[in-house]
Amino acid sequence: GRSSKQQTIAVSAVALQDHIIHSHQLQDLSLADPFKSRARNTKNIYKPVNKEMVRAVVDTGLRKKSTHHKNKEDAEKEYVLDPSPPQLTLAQKLGLVEPPSLPLTAEEWVKIKQRSIQHGDSIQPCAICREEFALQPQVLLSCSHVFHKACLKAFEKFTGKKSCPMSRKEQNQTRVIYDGACLFKIKCAIRIQASWRGYIVRKWYKNLRKTVPPKDSNLRKQFFENKVQQISNRLLSSYNINLDEFLSEIDSSIAASRDVFQQLEGKEILISETDWEKIQMQAFRQEIFDCPICIMPLSPTVHPACLFSGNSNRFSRQTVLLSCSHLFHHTCLQAFEEFSLGERRICPLCRSYYQKKILQC
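In every chain, residue numbers begin from 1 and rise along the written sequence. In keeping with the model being predicted, local features are shown solely for residues with a pLDDT of at least 70 and side-chain atom pairs are shown and tallied solely at 80 or more, while totals for entire chains, interfaces and linings include all residues. Side-chain calculation: all heavy atoms of the structure are included, whereas hydrogens and water are not.

A.B. asks: Can you tell me about the packing of aromatic side chains, naming the residues and giving the values?
C.D. replies: Each Phe, Tyr or Trp ring (for Trp, its six-membered ring) is paired with any other whose centre lies within 6.5 Å, and the angle between the two planes then decides the class: stacked below 30 degrees, edge-to-face above 60, tilted in between. This structure, assessed with the given rule, holds 2 aromatic pairs. An angle of 75 degrees between the planes, with centres 5.4 Å apart, marks the rings of Phe 223 and Phe 224 as edge-to-face. Relative accessible area serves as the criterion here: at 11%, Phe 223 is assigned to the buried category. Exposed residues in this analysis have more than 50% of their type's maximum accessible area, buried residues have under 20%, and partly exposed residues fall in between, with area computed by a 1.4 Å probe over protein chains only. On the basis of relative accessible area, Phe 224 is assigned to the partly exposed category, the value being 41%.

Here it is in structure tokens:
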């Protein structure tokens, strides 16, 4: 009996020692597998090569390179990140150590994801780096907590064991999800739509402010001042202002005015007979019937047209024609000239200097 007990104790000790060695070597991490990385690095390093089988290959560019484009569904397809569970050790087979938990089924992962969505873990920032998930890879643990894939890898590498940074639950299973990326895309779309709508509303409001005056008195005054300024600017821009032509016109008008004043200050210009005839025709078109001074008919019974017919009457009063085409009685005009104070004669109607010619009816 003692020998059997000693054998069982020895077997248990060996089994526990083997389990401890395997657990320290494997570390059972989901994101870092040292055995796989070592095997990948040391594989095919010193493999002998047959030189006769080696041949030179010239790349002419005619061969089409095969490009594998992943579908959109495959790029966002969720998958379990944990490696396949290792074989049971002797201690686990004997019942000395609890065996690892079985991989979760698809239905269990759906329940865990629903629990995470209810808690809003993907909406909140990562608990390790305190930044948004955005488009970076995201990992869901079996305890329904969510982290960045890189953050969880660094945490497991630092602690050397597989445990949740929040719940401290060990031997968690991990699954890659894309809820944070989907929420980030929706948030970006909402921001783009909000900025575009804001731009449309601001543009509409600016057009409204340009057409409808505000109710405030100060703003209303400023609104109409801007309108007047815009109208004046449009008027100025519509005119083609040439300073040289404008100044030349001013010089010509000043020169013409100087000629007129020099003629007035000098001797009176004699009017020819043809000019007097033109003045008579102009007076005839005016149809003057009465003298503007005495308000009496220019001729007792004859129409003023007789002035140009050549008929004369000894009882008719003399009628005078001025160079400004106005008609007066000669006696009335003389009386007006006697009462006027200036040296030069001025027409009683148009106030212009004149020359006169006596006519007989």
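A.B. asks: Which residues make up the environment of His 326, and what values do they have?
C.D. replies: By the criteria applied, helices consist of DSSP H or I runs no shorter than four residues and strands consist of E runs no shorter than two, each listed in order from the N terminus. Relative to the assigned elements, His 326 resides in the loop between β5 (319-322) and β6 (327-329). Residues His 326 and Tyr 354, 28 residues apart in the sequence, show an inter-C-alpha distance of 9.8 Å.

A.B. asks: Would you mind going over the sheet that holds strand β7 (residues 356-359) in detail, with residue names and values included?
C.D. replies: Strands were regarded as paired on the criterion that DSSP finds at least two bridges between them. Ordered in space as β6-β5-β7, the 3 strands form an open sheet in which the pairing is antiparallel. If you trace the sheet from one side to the other, it starts and ends with β6 and β7, each paired once. The mean angle between the axes of side-by-side strands here comes to 30 degrees, regardless of whether they run parallel or antiparallel. Relative to β6, β5 runs antiparallel, the two being bridged by 3 bridges. Looking at β6, one finds that Leu 321 is bridged to Leu 327. The contact criterion used is simple: two residues touch if any of their non-hydrogen atoms lie within 4.5 Å. Note on definitions: angles span 0 to 180 degrees between N-to-C directions of axes, and those axes are lines fitted to C-alpha atoms, for helices only across the stretch in contact. Lying on the sheet, helix α10 (residues 273-286) is in contact with β5, β6 and β7; it crosses β5 at an angle near 105 degrees. Seen against the sheet, helix α11 (residues 330-339) touches β5, β6 and β7 and runs at an angle of roughly 85 degrees to β6.

A.B. asks: Can you tell me about the pattern of salt bridges, naming the residues and giving the values?
C.D. replies: The salt bridge definition used is simple: a Lys or Arg side-chain nitrogen within 4 Å of an Asp or Glu carboxyl oxygen. Under the criterion given, the structure shown has 6 salt bridges. The closest approach of N and O atoms between Asp 179 and Lys 113, which form a salt bridge, is 3.4 Å. Of this pair, Asp 179 sits in helix α7 (residues 179-211) while Lys 113 sits in helix α5 (residues 106-119), placing them 66 residues apart in sequence. Residue Glu 132 is joined to Lys 187 by a salt bridge in which the shortest nitrogen-to-oxygen separation is 3.6 Å. Placement of the pair is Glu 132 in the loop between α5 and β2 (138-141) and Lys 187 in helix α7, with a sequence separation of 55 residues. Given the relative accessible area of 32%, Lys 187 is considered partly exposed. A single salt-bridge network, built from bridges that share partners, covers Glu 78, Lys 113, Arg 175 and Asp 179.

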